[in-house]
Amino acid sequence: ANTLRVREFLGRNAHPYTYIDLDTDKTSQELLDRFEVKTHEVPVVICNGQVVLRNPTIQQLADCLGLNVSIDPSQVRDVIIVGAGPAGLAAAVYAASEGLDALMIETDSPGGQAGSSSKIENYLGFPTGVSGQELASRAITQAQKFGAKMMVAHKVVKLHCDRRPYEVVLDDGNTMSARAIVIATGAQYNKPPLDNLSRFEGQGIYYGATYIESQLCVDEDVVVVGGGNSAGQAAVYLSQSARKVHLLVRSATLSETMSRYLIQRITDNPSIQMHFRTEIVALRGEAGLEHLSWIDRENGETSTHDIRHIFIMAGASPRPDWLRGCVA
């Protein structure tokens, strides 16, 4: 799970890296044994060929790679944009192009939830579709061309709105000041109410369907949970590599939540099987996910399946906690 987290961060931030699988590369395993690297210290990241990090946090990795080295925290900026999804990136492009000193602060990787989408086909200006990562990459290049800057792997935890300029407090305790704040914090993924869900996150439970995740489930059965466009895009994309995709939807129809073009593709795809009014009720496994059970609310029947990969696209909720006391 930790290896997947690091690879996703590097991939979505377009940072080149070489990945060595310890299960297949005996030489690397022997090297780690010699340096007494424990299991919980994997992944080991050799950063810039000099610094060795053992199971680093995303923040430690970003600092080691120098991703935020050009940002002066003491500078008072014209505008701080909290979040670098499509809305935050657009705000940065427009602000910087007008000559404003703009800084984006992003918790994880630019692109937000759109950035983890394999293909977006209903976005203006891309008639043949565009991957979320490509869309984000183009937007970053455009924003930086005008002089906007971006800080990654840091989270804004509080806003001081009783003083001017405004101050945002970061997760490491540092503060940054700006004359204006743009709130583009997007949303956090909704999660099914399953007791052991967090235990399998990154080890069978995923919230994005990108190339990295798709390689984990080649020629296997997978489950996609959700009835919106994200779920539809994930099901179509995964059907290219998985043996069978089970699409689980709580409602009785897709027409109210999914675009018509996606519904048509899913209906015409023999590798995708629809399950309406169906919900997951149990997850089981040792080192990773091995079995799951779902219930068909139509007839009340519960069935168990040997499936090791679940992609959850069950909608999202706003992230307003850091605005308490400032915004209603």
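Notes on the structure follow. Quick caveat, the model's predicted, so the values are computed rather than measured. (Residues numbered from 1 in each chain as written. Predicted model: local features only at pLDDT ≥ 70, side-chain atom pairs only at ≥ 80, totals over all residues. Heavy atoms only, no water.)

### Describing the nonpolar core
To keep it simple, the criterion reads: Here, the term nonpolar core denotes a set of buried Ala, Val, Leu, Ile, Met, Phe, Trp, Tyr and Cys residues that are joined through side-chain atoms within 4.5 Å. Under the scheme applied here, a residue whose accessible area is under 20% of the maximum for its type counts as buried, over 50% as exposed, and between as partly exposed, the area being computed with a 1.4 Å probe on protein chains only. For the purposes of this entry, the term helix denotes a DSSP run of H or I that reaches at least four residues, the term strand denotes a run of E that reaches at least two, and both are numbered from the N terminus. Residue contacts are defined here by distance: any two heavy atoms, one from each residue, within 4.5 Å place the two residues in contact.
By size, the foremost hydrophobic cluster in this structure holds 31 residues, and its most contacted members are Phe9, Leu61, Ile81 and Met104. Of all elements in the fold, only α1 (2–12), β1 (44–47), α3 (58–65), β3 (76–82), α4 (86–97), β4 (102–106), α5 (132–145) and β5 (149–152) reach the threshold of two or more residues within this core. Sort the elements by how many residues they give to this core and α4 lands first, with six residues. Apart from the residues lying within four places of it in its own chain, the contact partners of Phe9 are Ile58, Leu61, Ala62, Leu67, Asp108, Ser109, Val152 and Ala153. Counting residues in hydrophobic clusters, the runner-up holds 23 residues, among them Tyr206, Ala242, Met258 and Ile266.

### Observations concerning the sheet that holds strand β15 (residues 291–296)
Note the cut-off: Strands are labelled as partners when DSSP assigns at least two bridges between them. To get an axis, fit a line to the C-alpha atoms, keeping to the stretch in contact for a helix; angles then go from 0 to 180 degrees between the N-to-C directions.
Spatially, the three strands line up as an open sheet ordered β14-β15-β16, and their pairing is antiparallel. Only two strands of the sheet have a single neighbouring strand rather than two, namely β14 (278–284) and β16 (301–305). Pairwise comparison of adjacent strand axes, ignoring direction, gives a mean angle of 25° for this sheet. Bridge count between β15 and β16: five bridges; the pairing is antiparallel. The residue of β16 that forms the bridge with Leu292 is His305.

### Some details on the pairing of β14
Relative to β15, β14 runs antiparallel, the two sharing six bridges. By the bridge assignment, Leu283 is partnered in β15 with Leu292. Counting the residues between successive antiparallel strands, the hairpin from β14 to β15 contains six residues.

### A look at the sheet that holds β4
Spatial ordering of the open sheet is given by β5-β4-β3-β8-β7-β6, a layout of six strands whose pairing is mixed. Here the strands that pair on one side only, and so sit at the sheet edges, are β5 and β6 (156–160). Taking the axes of each pair of neighbouring strands and ignoring which way they run, one obtains an average angle of 40° across the sheet. Taken together, the four bridges between β3 and β4 define a ladder with parallel strand orientation. Each bridged residue has a counterpart across the sheet, and for Ile80 the counterpart in β4 is Leu103.

### Let's talk about the state of the cysteines
For clarity, the threshold we go by: Here, the term disulfide refers to a pair of cysteine sulfur atoms separated by no more than 2.5 Å.
The full count for this structure, using the stated rule, is two disulfides. Between the sulfur atoms of Cys47 and its disulfide partner Cys64 the distance amounts to 2.2 Å. The disulfide joining Cys47 to Cys64 has a torsion of about -125° about its S-S bond and is therefore left-handed. Here the residue Cys47 occupies a position in strand β1, and Cys64 occupies one in helix α3, the gap between them amounting to 17 residues. By relative accessible area, which is 2% here, Cys47 ends up buried. The side chain of Cys161 participates in a disulfide bridge whose partner is Cys326; the two sulfur atoms lie 2.1 Å from each other.

### A short note on the packing of helix α7 (residues 229–238) against helix α8 (residues 260–268)
For any two helices packed against each other, the geometry comes down to the angle between their axes and how far apart the axes lie. Stated formally: A clockwise turn of the near helix away from the far one marks a right-handed crossing, whereas an anticlockwise turn of less than a right angle marks a left-handed crossing. Under the grouping applied here, Gly and all other residues not named as nonpolar or charged are polar, the nonpolar ones being Ala, Val, Leu, Ile, Met, Phe, Trp, Tyr, Cys and Pro and the charged ones Asp, Glu, Lys and Arg.
α8 packs onto α7 with a crossing angle of 35° between their chain directions and a minimal axis gap of 10 Å. Between α7 and α8 the crossing geometry is left-handed. Where α7 approaches α8, its residues Asn229, Gly232, Gln233 and Val236 are matched on the opposing element by Tyr261, Leu262, Arg265 and Ile266. Of the residues that constitute the contact of α7 with α8, the class distribution is four nonpolar, three polar and one charged.

### Looking at the pattern of salt bridges
What counts is decided by this rule: Put simply, a salt bridge is a Lys or Arg side-chain nitrogen that is within 4 Å of an Asp or Glu carboxyl oxygen.
If you walk through the whole model with that rule in mind, you get 13 salt bridges. Two residues, Glu134 and Arg138, come together in a salt bridge whose shortest N-O distance is 2.7 Å. Residue Glu134 and its partner Arg138 are located together in helix α5, separated by four residues, close to a single helical turn. Residue class for Glu134 comes out partly exposed when judged on its relative accessible area of 34%. Residue classification places Arg138 among the partly exposed positions, given a relative accessible area of 46%. Note that Asp321 and Arg324 form a salt bridge whose closest N and O atoms lie 3.2 Å from each other. Residue classification places Asp321 among the exposed positions, given a relative accessible area of 51%. A single network of salt bridges, built from pairs that share partners, joins Asp162, Arg163 and Glu167.

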